[in-house]
Amino acid sequence: MSFEHVHDRAPRAIYVPPGSGLSRWVFGDRYTIKATVESTNGTLGFMEGIVPPGGGPPAHIHHEVDEAFYIIEGRLELLNGDRELFAEPGSFVFVPKGTVHGFKNVSDEPCKMLIMFMPGGVEQAFLELGVPADDDTPPPPPEQYATDVENAMRIVKKYGAEYV
């Protein structure tokens, strides 16, 4: 009898077809997780974000992970440390751990972007924070967000982040 060790297996690519992944509404934004800390052996977490006009998270800081954004559609105003910048389609932004940051969609159209956390793990907070966002599920009403702030602060702290 022989035993197969994980390190004896050949590495395999992760494939997530269009429209696949776990989607969640988080404060009115829709995030679809494409790769997790588990699926990448801890290397990264990867999501697609769709942020409606005026949407985006408050200023926050990740103490243990770096974060990167790539803008596909729309326009974001980003807080990056002590400065603001505008990101348009094709823009890439890297935010090192320990940097205060946040973003807001300042266009009239939804902003579509890719978000990566390195190492992975923070993407799990979106699963806990959000509510399921199936194709036909509308976002929760904005008044619900105000009641979720204390819970959101507790959840993000669990993942090494905090709102500032």
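No experiment lies behind these values; they were computed from the predicted model shown.

**Q** I tried to follow the side chain of R24 on my own but got confused; where do I start?
**A** By the secondary structure assignment, R24 is in strand β1 (residues 22-26). Of the side chains with opposite charge, D134 comes closest to the buried, unpaired R24, at an N-O distance of 6.3 Å. Beyond its immediate sequence surroundings of up to four residues, R24 is in contact with D29, R30, Y31, F126, L127, G130, V131, P132 and A133.

**Q** Would you explain the packing of aromatic side chains in this entry?
**A** The geometry of an aromatic ring pair comes down to the distance between the two centres and the angle between the two planes. Scanning the model with the defined rule gives three aromatic pairs in all. Pairwise contacts between aromatic rings join Y31, F117 and F126 into one cluster. Positioned over the ring face of W25 is R30, at 6.0 Å from the centre of the ring.

**Q** Mind showing me how you'd approach unusual backbone geometry here?
**A** The phi torsion of most residues other than glycine is negative, and most of the peptide bonds are trans. In this chain, M118 is followed by P119 through a cis amide linkage whose omega measures -5°. When you line up the elements, P119 lands in the loop between β10 (111-118) and α1 (123-129).

**Q** Please explain the nonpolar core as it appears in this structure.
**A** Nonpolar side chains tend toward joint burial in soluble globular proteins. The biggest cluster of nonpolar side chains holds 28 residues, and the ones touching the most others in it are Y31, F69, L78, F103, M113 and F126. Per element, the largest residue contribution to this core is four residues, and it comes from β10. Sequence-distant contacts of F103, that is, excluding residues within four places in its chain, are made with Y31, V51, G55, G56, P57, F69, L76, E77, L78 and M113.

**Q** What is the right way to look at the pattern of salt bridges in this model?
**A** One side chain can pair with another of opposite charge once the charged atoms of both are near each other. Taken as a whole and judged by the stated rule, the model has three salt bridges. The partner of E48 in a salt bridge is K112, and the shortest N-O contact between them spans 3.8 Å. Taken together, the positions of E48 in strand β3 (residues 45-51) and K112 in strand β10 put the pair 64 residues apart, joining distant regions of the chain. Overall, K112 belongs to the partly exposed group, its relative accessible area being 27%. With a closest N to O distance of 2.9 Å, E128 and K158 form a salt bridge. You can see E128 sitting in helix α1 and its partner K158 sitting in helix α3 (residues 149-158), a full 30 residues away along the chain. A residue is classified by how much of its surface remains accessible, and K158, at 53% relative accessible area, is exposed.

**Q** Explain the pairing of β1 here, please?
**A** In regular strands, side chains alternate between the two faces of the sheet. Counting buried positions over the five residues of β1 gives four, a clear majority of the element. Sheet topology note: the β1/strand β2 (residues 29-35) ladder contains five bridges and is antiparallel. When the bridges of β2 are listed, V26 appears paired with D29. Between β1 and β2, which pair antiparallel one after the other, the connecting turn spans two residues, and F27 there sits at a positive phi close to 50°. Relative to strand β11 (residues 131-132), β1 runs antiparallel, the two sharing two bridges. In the sheet register, W25 faces β11, and the bridge partner there is V131.

Conventions adopted
- Residues numbered from 1 in each chain as written.
- Predicted model: local features only at pLDDT ≥ 70, side-chain atom pairs only at ≥ 80, totals over all residues.
- Heavy atoms only, no water.
- Helix = DSSP H or I, 4+ residues; strand = E, 2+ residues; numbered from the N terminus.
- Buried < 20%, exposed > 50% of the residue type's maximum accessible area, 1.4 Å probe, protein only.
- Lys, Arg positive; Asp, Glu negative; His and termini not counted.
- Salt bridge = Lys/Arg side-chain N within 4 Å of Asp/Glu carboxyl O.
- Contact = heavy atoms within 4.5 Å.
- Phe/Tyr/Trp six-rings, centres within 6.5 Å; stacked < 30°, edge-to-face > 60°.
- Lys NZ or Arg CZ within 6 Å of the ring centre and 35° of its normal.
- Core = buried A, V, L, I, M, F, W, Y, C linked by side-chain atoms within 4.5 Å.
- Pairing = 2+ DSSP bridges.

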